[in-house]
Amino acid sequence: MLKLAIFGSGSGTNCQAIIDAIAAGTLDAEIKCILADNEEAYILERAKKHNIPAIYFDCAPFKSKLDGEAEQKVLQTLEEHDVNFIALAGFMRIVKDGLLKAYEGRMINIHPSLLPSFPGLDGGKQAFDYGVKFTGCTVHFVDAGVDTGAIINQKIISIDDEDTLETMMNKLHAQEHIAYPEALQWISEGRVKREGRKISVQI
Ligand code: GAR
């Protein structure tokens, strides 16, 4: 059974999709806690609404990574809540060695582009500005690079002439909300096999 911690920094719609999939019985997992590096993040309100422990952690003095004392505190929190798998869902920090090693092969992320294109910040906007005709989202294992981990699931959307960044992002988010619970369920069923960076999903 996946005993999840979900990490976020913002609105948490992907987290909500995971909560909803569990409630609907399409994802066999339990959310042990929801963590955010931003006290105001709406993802924490979602946790409270569903009676899931909502935990804010201060990452100072680091601006863009989770490291040092904060990392140690997070590791302790995860142990206290009996977490065996981490889902990053709009978590806007780079995860460093301590967490990577403790949860090796047990931490995944969702990114708003078809990786390896447009990694890093604002993947959706990068693709829109570049002028690609198709983009999408990627669920991938987390490794030491930025959005470089082995790919588990991708969904594609078209960028049509009449699309604005906003309408494109709406389509993209709708696909994310399908792709993330789906990938987690494949993992939960033990169907995700990994050979190097190649992932296959057993039928
Ligand atoms: C999602 O679009 C996710 O792909 C993106 O942040 C958004 C979070 O939305 N993640 C990244 O850009 C990570 N590099 P949410 O808080 O509503 O789930």
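Everything that follows concerns the structure shown earlier in this document.
Residues numbered from 1 in each chain as written. Predicted model: local features only at pLDDT ≥ 70, side-chain atom pairs only at ≥ 80, totals over all residues. Heavy atoms only, no water.

### Observations regarding the site of the ligand
- Around the ligand, the surrounding shell consists of Ser11, Gly12, Thr13, Asn14, Gly90, Met92, Ile110, His111, Pro112, His173 and Glu176.
- One of the backbone N or O atoms of Asn14 is found 2.9 Å from an oxygen atom in the ligand.
- Within the side chain of His173, one N or O atom sits 3.2 Å away from an oxygen atom of the ligand.
- When the free accessible area of the ligand is taken as 450 Å², the share hidden by the protein chains comes to 88%.
- Among the detected pockets, the ligand sits in the largest pocket.
- Considered class by class, the residues forming the shell around the ligand number 3 nonpolar, 7 polar and 1 charged. (Near = heavy atom within 4 Å. Polar contact = N/O pair within 3.5 Å; in protein donor to acceptor, adjacent residues only side chain to side chain. Areas by Shrake-Rupley, 256 points an atom, 1.4 Å probe, with all protein chains shown as cover. 1 Å grid on protein atoms, 1.4 Å probe; cavity = no way out; pocket = protein on both sides within 12 Å on 5 of 7 lines; lining within 4 Å. Sits in = over half its atoms within 2 Å of the grid points. Nonpolar A, V, L, I, M, F, W, Y, C, P; charged D, E, K, R; others polar.)

### Things to note about the sheet that holds strand β9 (residues 151-158)
- If you trace the 7 strands from one edge of the open sheet to the other, you get β3-β2-β1-β5-β7-β8-β9, paired in mixed fashion. Of all the strands in the sheet, the pair left with one neighbour each is β3 (54-56) and β9. On average, each strand axis in the sheet is tilted by 20° relative to the strand beside it, whichever way the strands run.
- One ladder, built from 4 bridges, connects strand β7 (residues 107-111) with strand β8 (residues 134-141); its direction is antiparallel. In the sheet register, Ile108 faces β8, and the bridge partner there is Phe141.
- Running at roughly 160° to strand β2 (residues 29-36), helix α1 (residues 13-24) makes contact with β1 (2-8), β2 and β7 of the sheet. (Pairing = 2+ DSSP bridges. Helix = DSSP H or I, 4+ residues; strand = E, 2+ residues; numbered from the N terminus. Axes fitted to C-alpha atoms, helices over the stretch in contact; angles between N-to-C directions. Contact = heavy atoms within 4.5 Å.)

### Looking at the pattern of salt bridges
- Applying the stated criterion to the full structure yields 11 salt bridges.
- For the salt bridge of Asp37 with Arg93, the shortest nitrogen-to-oxygen distance reads 2.7 Å. Of this pair, Asp37 sits in the loop between β2 and α2 (42-49) while Arg93 is found in the loop between β5 (85-88) and β6 (94-95), placing the two residues 56 residues apart along the sequence.
- Given a relative accessible area of 14%, Asp37 falls into the buried group.
- With its nearest N and O atoms 3.3 Å apart, the salt bridge here joins Glu45 to Lys48. Remark: Lys48 and Glu45 occur in helix α2; sequence separation between them is 3 residues, near one turn of the helix.
- For Glu45, a relative accessible area of 35% gives the class partly exposed.
- We classify Lys48 as partly exposed; its relative accessible area is 47%.
- Residues joined in a network through salt bridges with shared partners are Asp160, Asp163 and Lys171. (Salt bridge = Lys/Arg side-chain N within 4 Å of Asp/Glu carboxyl O. Buried < 20%, exposed > 50% of the residue type's maximum accessible area, 1.4 Å probe, protein only.)

### Observations regarding the side chain of Glu176
- As for its position among the elements, Glu176 is in helix α6 (residues 165-188).
- For the buried residue Glu176, which engages in no salt bridge, the nearest side chain bearing the opposite charge is Arg46, 11 Å off.
- Discounting residues that sit within four places of it in the chain, Glu176 has contacts with Asn14, Ile110, His111, Pro112, Cys137 and Pro181. (Lys, Arg positive; Asp, Glu negative; His and termini not counted.)

### Overview of the nonpolar core
- In this structure, Ile6, Ile34, Ile108, Ile152, Tyr180 and Leu184 are the most contacted members of the largest nonpolar core, which totals 40 residues.
- Here the element with the most residues in this core is α6; it accounts for 9 residues.
- Look past the residues within four positions of Ile152 in its chain and what remains in contact with it is Ile108, Val139, His140, Phe141, Ala183, Trp186, Ile187, Val192, Ile199 and Val201.
- Formed by 22 residues, the second largest nonpolar core is a distinct cluster that contains Ala5, Leu35, Ile86 and Val142. (Core = buried A, V, L, I, M, F, W, Y, C linked by side-chain atoms within 4.5 Å.)

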